[in-house]
Amino acid sequence: MINEIGFVGLGSMGQPMVLNLLKAGYKVKVFNRTPEKTNEVVLAGAEKVERLSDVASPGGIVITMVSNDQALEEVVMGPNGFGEKLGEGGIHLSMSTVSPDTSRKLAAYHKKYNGLYVASPVFGRPAAAAAQQLTILTSGVKEAKERVKPVQEALSQRIFDIGEEPGNANVLKLGGNFMIMAAMEAMAETFNLAEKNGIDRKLAAQVYGSSIFDCTIYNGYGQMIAKKEFEPAGFQLSLGLKDCNLVLNEANATKTPMPLANLLHNRLLASAAKEREHQDWAALTRISMEEAGLE
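Residues numbered from 1 in each chain as written. Predicted model: local features only at pLDDT ≥ 70, side-chain atom pairs only at ≥ 80, totals over all residues. Heavy atoms only, no water.

Student: Tell me what's going on with the overall build of the chain, and back it up with residues and numbers.
Tutor: Regarding its fold elements, the chain presents 13 helices and 9 strands. Whereas a compact globule of 295 residues would reach a radius of gyration of roughly 19 Å, the chain reaches 20 Å, a difference of no more than 12%. Counting over 295 residues, the chain shows a buried share of 52%. Counted over contacts in the chain with a minimum sequence separation of 6, partners at least 24 positions apart contribute 68%. Split by element, the accessible area of the chain, about 13500 Å² in all, is 53% carbon and sulfur. (Helix = DSSP H or I, 4+ residues; strand = E, 2+ residues; numbered from the N terminus. Rg over C-alpha atoms; globule rule 2.2 N^0.38 Å. Buried < 20%, exposed > 50% of the residue type's maximum accessible area, 1.4 Å probe, protein only. Contact = heavy atoms within 4.5 Å. Areas by Shrake-Rupley, 256 points an atom, 1.4 Å probe, with all protein chains shown as cover.)

Encoded structure:
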């Protein structure tokens, strides 16, 4: 059993994930482009490395949790990337939300060095990461998935195997994020209708969230949308726009009409134009409120 893991990306999701790996008994080497973000996990026992490539041990495991496709490609294949050093038998466990094509590209890159790639995006906000309540989607070579499963179990409440094609987990992750955005827009329009009829938005959220839509998304985001509270951001709107672009790119590539995704893209783009990128992505619903004359 490999008990040493490299970890790249100490943002709001990466930090609690590293803390859980440490609690599970793993030795963790960490790297982040903003070094200060490693302070908390170093105090908890992680080892900070100064050079990105030093996060990898030949034949070991490196987890990435970075913001977008470009950042992911850079940390793997860039001038000081860890990909080549990870080498034969090494596994790159990619937990970022990226395009299926990026996963396929990186799987081919690691194969050149006899390494392995497992796409492993997650559902869950930072609080879920801290509580080991993430849901993990995983796709890649069976042998690699078996080796990283104990690591995934230390971070999550459930793991779904989406097959061996490396991009499959990313397809379902993007589809899930699209469904969250669609739910947020539906809640906003419904709560607007209630408010325009003199009904408390928060009461509307309570009615739906405790009956026909009693689930994490409607309860969590429903409260934010009902109260019109979008800070602090658990997941920034700029990242939601990135994910919506990825959804539409995949829809275009596979000739899959997604008219609702286009509407959501316009909501997100308009929100970014109003300089709301750093608010929670639920702030996309402010456009609907403005159109209804409620903000």
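Student: Got a sec to walk through helix α1 (residues 14–23)? Specific residues and values, please.
Tutor: Where burial is concerned, most of α1 is hidden: 8 out of the 10 residues are buried. Within α1, burial applies to Gly-14, Gln-15, Pro-16, Met-17, Val-18, Asn-20, Leu-21 and Leu-22. Just past α1, the residue Gly-25 takes up positive phi, approximately 100°.

Student: Tell me about the side chain of Ser-271, and name the residues and values.
Tutor: If you trace the backbone, Ser-271 turns up in helix α12 (residues 259–273). For Ser-271, a relative accessible area of 0% translates into the label buried. Those residues within four positions of Ser-271 in sequence are excluded, and the remaining contacts are Leu-237, Arg-276, Ala-283, Leu-284 and Ile-287.

Student: I'd love a proper account of the packing of helix α9 (residues 201–209) against helix α10 (residues 216–227), names of residues and values included.
Tutor: At a minimum axis distance of 8 Å, the contact between α9 and α10 shows a crossing angle of 165°. One finds that α9 runs roughly antiparallel with respect to α10. Two packed elements cross with a definite hand, and for α9 against α10 that hand is right-handed. The residues of α10 that touch α9, namely those facing Arg-201, Lys-202, Ala-205 and Gly-209, are Asn-219, Gly-222, Gln-223, Ile-225, Ala-226 and Lys-227. Taken together, the residues of the contact of α9 with α10 break down into 3 nonpolar, 4 polar and 3 charged. (Axes fitted to C-alpha atoms, helices over the stretch in contact; angles between N-to-C directions. Parallel < 35°, antiparallel > 145°, perpendicular 65-115°, else oblique. Left-handed = near helix turned anticlockwise from the far one by under 90°. Nonpolar A, V, L, I, M, F, W, Y, C, P; charged D, E, K, R; others polar.)

Student: Describe the nonpolar core, with residues and values.
Tutor: Judged by nonpolar contacts, the single largest core of 36 residues is most densely connected at Met-181, Met-184, Met-187, Tyr-221 and Ile-225. For this core, the secondary structure elements donating two or more residues are α8 (168–196), α9, α10, α11 (237–253) and α12. When residues of this core are assigned to their parent elements, the largest contribution, 11 residues, is made by α8. Once you skip the residues sitting within four places of it in the chain, Met-187 turns out to touch Ile-217, Tyr-218, Tyr-221, Gly-222 and Ile-225. (Core = buried A, V, L, I, M, F, W, Y, C linked by side-chain atoms within 4.5 Å.)

Student: So what's going on with the pattern of salt bridges? Residues and values would help.
Tutor: Applying the stated criterion across every chain yields a total of 17 salt bridges. In this structure, Glu-185 engages Arg-267 in a salt bridge whose closest nitrogen and oxygen atoms are separated by 3.0 Å. One end of the pair, Glu-185, is in helix α8; the other, Arg-267, is in helix α12, with 82 residues separating them in the sequence. We note that Glu-185, like Arg-267, is buried. With a shortest N-O distance of 2.9 Å, Glu-291 and Arg-267 are connected by a salt bridge. Taken as a pair, Glu-291 in helix α13 (residues 286–291) and Arg-267 in helix α12 lie far apart in primary sequence, 24 residues in all. (Salt bridge = Lys/Arg side-chain N within 4 Å of Asp/Glu carboxyl O.)

Student: Lay out the environment of Val-66 in plain terms, naming residues and giving numbers.
Tutor: On the secondary structure map, Val-66 appears in the loop between β4 (61–64) and α3 (69–77). Judged by relative accessible area, Val-66 falls into the buried class, the value being 15%. Apart from residues lying up to four places away in sequence, Val-66 is in contact with Val-8, Gly-9, Ala-71, Leu-72 and Ser-96.

Student: I'd like to hear about the layout of surface pockets, residue by residue, with values.
Tutor: Of the volumes computed, that of the largest pocket is approximately 1300 Å³. Of all the elements in the fold, those that place two or more residues in the lining of the largest pocket are α3, β7 (122–123), α6 (126–130), α8, α10 and α11. Ranked by residue count, the leading element in the lining of the largest pocket is α8, at 6 residues. (1 Å grid on protein atoms, 1.4 Å probe; cavity = no way out; pocket = protein on both sides within 12 Å on 5 of 7 lines; lining within 4 Å. Points joined across faces, edges and corners; volume = space filled by probe spheres on them.)

Student: Explain the environment of Ile-136 residue by residue, including any values.
Tutor: Tracing the sequence through the fold places Ile-136 in strand β8 (residues 134–140). On a C-alpha basis, the gap between Ile-136 and Gln-157 in space is 8.2 Å, while along the polypeptide they are 21 residues apart. With sequence-adjacent residues up to four places away left out, Ile-136 is seen in contact with Met-95, Ser-120, Pro-121, Val-122, Gln-152, Ser-156, Arg-158, Ile-159 and Phe-160.

Student: Any details on a nonpolar patch on the surface? Residues and values, ideally.
Tutor: The grouping of Ile-199, Leu-203 and Val-207 at the surface amounts to a nonpolar patch, some 240 Å² of accessible area in total. Residue Leu-203 is classed as partly exposed on the basis of its relative accessible area, which comes to 42%. (Patch = residues over 30% accessible without salt bridge, like charges linked within 9 Å, V, L, I, M, F, W, Y side chains within 5 Å.)

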